[in-house]
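Residue-level structure breakdown
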Amino acid sequence: DRYISDRFLPDKAIDLIDEACASTRVQLDSQPEVIDKLQRKKLQLEVEKTALEREKDAASKERLKNVKGKLKDIQKELDPLLKRLEEEKSTVLQIQKFRQKLDTLKTKLVKAQRNRDMERAADLQF
């Protein structure tokens, strides 16, 4: 009972890794829940603002004033979050570019070593 004796274990392990990678990729591509909620609230208030701008009574004008204030507050809260998200995404993109460049250089190094081009291999390695 100490070992798992399931003959499909490698397939299950690969599936598990694939699911974890897919989940991570989805998280990187989508916005955080906090930002999503704030943007939905902002959109809702903008729609309400547009509707209230057509109204002429005093209560609507007062409500419009409140809505504009809430929109400013949401924007103040949303701006730093969006800036941080963009910074994180750009960092991830830079890391991906560097990894891709590193993989390309490793491939060139292996190819140079195979072809016995020691000068090029030395340049690539050091």
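A brief report on the enclosed structure follows. (Residues numbered from 1 in each chain as written. Predicted model: local features only at pLDDT ≥ 70, side-chain atom pairs only at ≥ 80, totals over all residues. Heavy atoms only, no water.)

Inspection of the entire model under this criterion finds five salt bridges. Notably, a salt bridge pairs Lys 37 with Glu 33, separated by 3.4 Å at the nearest N-O pair. Here Lys 37 and its partner Glu 33 are both found in helix H2 (residues 33-54), four residues apart, which amounts to about one turn of the helix. The exposed category is assigned to Glu 33, whose relative accessible area is 56%. Glu 88 is the partner of Arg 84 in a salt bridge, and the nearest nitrogen-oxygen pair spans 3.1 Å. One end of the pair, Arg 84, and the other, Glu 88, are both in helix H3 (residues 58-114), four residues apart, so they sit about a helical turn from each other. For Arg 84, a relative accessible area of 53% translates into the label exposed. The exposure class of Glu 88 is partly exposed, given its relative accessible area of 42%. (Salt bridge = Lys/Arg side-chain N within 4 Å of Asp/Glu carboxyl O. Helix = DSSP H or I, 4+ residues; strand = E, 2+ residues; numbered from the N terminus. Buried < 20%, exposed > 50% of the residue type's maximum accessible area, 1.4 Å probe, protein only.)

Compared with the 84 Å implied by 1.5 Å per residue over 57 residues, the 82 Å span of H3 between its first and last C-alpha is a close match. Of all the bends found along H3, the most pronounced is centred on Leu 78 and spans about 25°, while Pro 80, a proline, follows it within four residues. Taken together, the buried positions of H3 are Ser 60, Leu 64, Val 67, Leu 71, Ile 74, Leu 78, Leu 85, Leu 109 and Ala 112. Residues of H3 that are buried in the fold lie against H2 and helix H4 (118-125). One or two residues past the end of H3 sits Arg 116, with phi positive at roughly 60°. (Expected span 1.5 Å × (residues − 1). Bend = angle between axes of the 7 residues up to and from the residue. Contact = heavy atoms within 4.5 Å.)

Quick look at the nonpolar core now. In this structure, Ile 35, Leu 38, Leu 45, Leu 52, Leu 64, Val 67, Leu 71, Ile 74, Leu 78 and Leu 85 together form the largest nonpolar core, which totals 10 residues. Listing elements by their share of this core, those giving two or more residues are H2 and H3. Among the elements that line this core, the one with the most residues is H3, at six residues. Beyond its immediate stretch of four places on either side in the chain, Ile 74 contacts Leu 38, Lys 41, Lys 42 and Leu 45. (Core = buried A, V, L, I, M, F, W, Y, C linked by side-chain atoms within 4.5 Å.)

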